[in-house]
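Examining the three-dimensional arrangement
Here's the letter readout for the chains.
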Amino acid sequence: MTVDLSWALWRAGYRALPEERSAHAGAPAYPSRLVGRRAVVVRGRDGTRLFYDPTVIQRRGAIPPPLADLLFGRGAVHGLDDEAHAERKAMFLQVLAAERVEPLALAIGTDLQRRARSWRGRDVQLHSELVEVYGAAVLAWAGIDCTGAQARRTSHHLAHIVDGFGGAGAAYPRGWAARIRADRWARRLVQSVRDGQRRPPPGSPLELIATGPGRDLDARTAGVELLNLLRPTVAVAWPATFAALALAQHEQWRPLLRGDDASARRTAFGHEVRRTCPFVPALAGTARSTAEIHGERVEPGDLVVLDVPGTNHDAQAWTEPDEFLPERFADVEPDPYEFVPQGGGDPRTGHRCPGEPLTVRMLAETLRVLAEVDYAVVSSPSYDATRIPTLPARGLMVRVAP
Ligand code: HEM
């Protein structure tokens, strides 16, 4: 009997899909079960194309509420389809346009550089440092007046939501406590702007969501979407911690990532970190029409699961898929159906992450700073592959030279 994938993910974490894949002799599509429903697991270019075909796949109700409502919030863009999705997505694309996010990426670089000076001669937990720097920067960028200890606390609450999404032990209830508190806080922020008690800078994300393109959303949903800008920006601390580890493990890259003329190499290094580090295990949708993929039938009502790491490591698309080779991204734009760490396809028409360009710039800025910091990893470089999400042990402790 097939073990339910939700159970396998909870028990075996990032090992669940590779184990299931080998039980099906590495087939690019195979039948499974998810939360008691028939599912078809797909990967690779064809699988991604199917998954991002809106005539075949819809999102409503595909992700169980205990996960979706914790990570994304109730009523979030992630679970919308068709017109409703297009309209909500347009708001995110406007807020996250390149010219808007560039100042945020630059602020993160400057703040991190300042913070790194305070690390000299100390051991620091890199993940926590990154959560605080990213959190404070995104709060300020969003137009939320929250600084110092309050910003630090808020950043860690947002990180708790991310840490809880895989249902790991105490992290799950802690994530929910943080979600409930954050939803209330964000709803009040939106309401206070609408009531005229708070005046965020014109054009700031808070203003746009409260009274701009988000003005027709009820305050609770608008708050949920505000958090869908703040929380994932803090979540970049997960791949960024793996980036710091990769830099320590591939010392030859350190000089190559320094200086103003290294921005393409920093981007390539960041792409390779996103391709290889464990973070998003899978994506799920519901079939709304019949389809066939690699001989596997998909019937309306079936769940379709995109194996994200399996696609990012698909031997059909990647040479030496298990090697860490940033140079594979030199002078090439990643293919939107083969490289899917933040979803695939076109973000303007589908569900692909609208925050991907920001993520890319944040990782590049982080690498620019870290390449200048003389640090050695003093914790174990291993991570718990059975826990979702995971991090290098102890959040990566580094000893920084005086
Ligand atoms: C660690 C970095 C990040 C990762 C790994 C990540 C990953 C993802 C993935 C896998 C999806 C779902 C794609 C799909 O359902 O097809 C997604 C959607 C989304 N992400 Fe990100 N993301 C990251 C950073 C960000 C950032 C920085 C923002 C905004 C500031 C953001 C905002 C969103 C939103 C609003 C959606 C929903 C899009 C939709 O349903 O149309 N993400 N992200």
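Here is what the cut-offs are and how they apply
Residues numbered from 1 in each chain as written. Predicted model: local features only at pLDDT ≥ 70, side-chain atom pairs only at ≥ 80, totals over all residues. Heavy atoms only, no water. Donors = N, O, S within 2.8 Å, 3.2 Å for Na, K, Ca; no water. Helix = DSSP H or I, 4+ residues; strand = E, 2+ residues; numbered from the N terminus. Polar contact = N/O pair within 3.5 Å; in protein donor to acceptor, adjacent residues only side chain to side chain. Contact = heavy atoms within 4.5 Å. Near = heavy atom within 4 Å. Pairing = 2+ DSSP bridges. Axes fitted to C-alpha atoms, helices over the stretch in contact; angles between N-to-C directions. Parallel < 35°, antiparallel > 145°, perpendicular 65-115°, else oblique. Left-handed = near helix turned anticlockwise from the far one by under 90°. Nonpolar A, V, L, I, M, F, W, Y, C, P; charged D, E, K, R; others polar. Expected span 1.5 Å × (residues − 1). Buried < 20%, exposed > 50% of the residue type's maximum accessible area, 1.4 Å probe, protein only. Patch = residues over 30% accessible without salt bridge, like charges linked within 9 Å, V, L, I, M, F, W, Y side chains within 5 Å. Areas by Shrake-Rupley, 256 points an atom, 1.4 Å probe, with all protein chains shown as cover. Salt bridge = Lys/Arg side-chain N within 4 Å of Asp/Glu carboxyl O. Arc of directions from axis to C-beta. Phe/Tyr/Trp six-rings, centres within 6.5 Å; stacked < 30°, edge-to-face > 60°. Lys NZ or Arg CZ within 6 Å of the ring centre and 35° of its normal.

With that settled, the discussion passes to the coordination of the iron atom of the ligand. Metal coordination angles in their ideal form are 109.5 degrees for the four-donor tetrahedron and 90 or 180 degrees for the six-donor octahedron. Its sole protein donor being Cys353 (SG), the iron atom of the ligand sits 2.3 Å from that atom. Looking at the element boundaries, Cys353 is found in the loop between helix H15 (308-312) and helix H16 (356-370).

So, on to the side chain of Ser192. Take Ser192: it is sitting in helix H9 (residues 171-194). A polar side-chain atom of Ser192 sits 3.0 Å from a polar atom in the side chain of Arg198.

Here the focus is the environment of Gly343. Secondary-structure assignment places Gly343 in the loop between H15 and H16. For the pair formed by Gly343 and Phe51, sequence separation is 292 residues and the distance between their alpha carbons is 9.8 Å. If we ignore the near neighbours within four places in the chain, the residues touching Gly343 are Tyr52, Leu283 and Arg352.

Once that is clear, we can look at the site of the ligand. Residues in contact with the ligand amount to 28 residues; listed here are only the nearest, Tyr52, Arg59, His85, His351 and Cys353. At a separation of 2.7 Å, an oxygen atom of the ligand approaches a polar side-chain atom of Arg59. The side chain of His351 places a nitrogen or oxygen atom 2.7 Å from an oxygen atom of the ligand. Where the shell around the ligand is concerned, the elements lending two or more residues are helix H5 (82-95), helix H11 (219-235) and H16. Top element by residues in the shell around the ligand is H11. It accounts for five residues.

Turning to the side chain of Arg352, a few remarks are in order. Within the secondary structure, Arg352 sits in the loop between H15 and H16. At a separation of 3.0 Å, a polar atom in the side chain of Arg352 contacts the main-chain carbonyl oxygen of Gly345. Of the polar contacts made by the side chain of Arg352, one reaches the side chain of Glu356; its length is 2.8 Å. Apart from residues lying up to four places away in sequence, Arg352 is in contact with Tyr52, Lys89, Pro336, Phe339, Gln342, Gly343, Gly344, Gly345, Asp346 and Pro347.

So, about the sheet that holds strand E3 (residues 57-58). If you trace the five strands from one edge of the open sheet to the other, you get E1-E2-E8-E5-E3, paired in mixed fashion. Unpaired on one side and paired on the other, strand E1 (29-34) and E3 mark the two borders of the sheet. Lying over the sheet, helix H2 (residues 16-23) contacts E1, strand E2 (37-42), strand E5 (282-287) and strand E8 (303-307), oriented at roughly 130 degrees with respect to E1. Packing of helix H3 (residues 44-51) onto the sheet brings it into contact with E2, E3, E5 and E8, and relative to E8 it is tilted by some 135 degrees.

Once that is clear, we can look at the packing of helix H8 (residues 148-164) against H9. Across the interface, H8 lies against H9 with an axial gap of 7 Å and an inter-helix angle of 130 degrees. On the basis of their axis angle, the class for H8 and H9 is oblique. Judged by the sense of rotation from one axis to the other, the crossing of H8 with H9 is left-handed. Across the interface between the two elements, Thr154, His157, His160, Ile161, Asp163 and Gly164 of H8 pack against Ala171, Tyr172, Arg174, Gly175, Ala178, Arg179, Arg181, Ala182 and Trp185 of H9. Of the residues belonging to the contact of H8 with H9, the class tally is six nonpolar, five polar and four charged.

A separate point is helix H14 (residues 263-276). Here H14 spans 20 Å end to end across 14 residues, near enough to the 20 Å set by a 1.5 Å rise per residue. Turning to H14, its buried residues number three or more, namely Arg266, Ala268, Phe269, Gly270, His271, Glu272, Val273, Arg274 and Arg275. Contacts made by the buried residues of H14 are with helix H12 (237-249), helix H13 (253-256), H15 and H16.

Let us now look at a nonpolar patch on the surface. On the surface, a nonpolar cluster with roughly 350 Å² of combined accessible area is contributed by Val3, Trp7 and Trp10. Of note, Trp7 is situated in helix H1 (residues 5-12).

Time to look at H3. Every buried residue of H3 is listed here: Gly44, Gly47, Thr48, Leu50 and Phe51. One side of H3 holds all its buried residues, which, seen down the axis, span an arc of 160 degrees.

Moving on: the packing of aromatic side chains. As enumerated under the stated definition, the model contains nine aromatic pairs in all. Seen in terms of ring centroids, Trp238 and Phe279 are 6.3 Å apart; in terms of plane orientation they differ by 25 degrees. Their pairing is stacked. In this pair, Trp238 is assigned in helix H12 and Phe279 in the loop between H14 and E5, connecting sequence segments 41 residues apart. With a relative accessible area of 2%, Trp238 lands in the buried category. Where Phe269 meets Phe324, the ring centres are 5.2 Å apart and the plane angle is 75 degrees; that geometry is what we call edge-to-face. Here Phe269 is found in helix H14, whereas its partner Phe324 is found in the loop between H15 and H16, with 55 residues between them in sequence. An aromatic cluster is defined as three or more aromatic residues linked by ring pairs; in this entry it consists of Trp253, Phe269 and Phe324. Sitting above the plane of the Tyr337 ring, Arg49 keeps its charged end 3.9 Å from the centroid. We note Arg254 situated over the ring of Tyr375; from NZ or CZ to the ring centre the distance is 4.8 Å.

This next bit is on the sheet that holds strand E4 (residues 123-125). Across the sheet, which stays open at both edges, the three strands sit in the order E4-E10-E9 with antiparallel pairing between neighbours. With partners counted over all chains shown, the strands left at the sheet margins are E4 and strand E9 (375-377), one partner each. The mean angle between the axes of side-by-side strands here comes to 35 degrees, regardless of whether they run parallel or antiparallel. Alignment of E4 against strand E10 (residues 397-400), held across three bridges, turns out to be antiparallel. Paired with Gln125 across the two strands is Met397, which belongs to E10.

What is shown is where atoms sit, not what they do.
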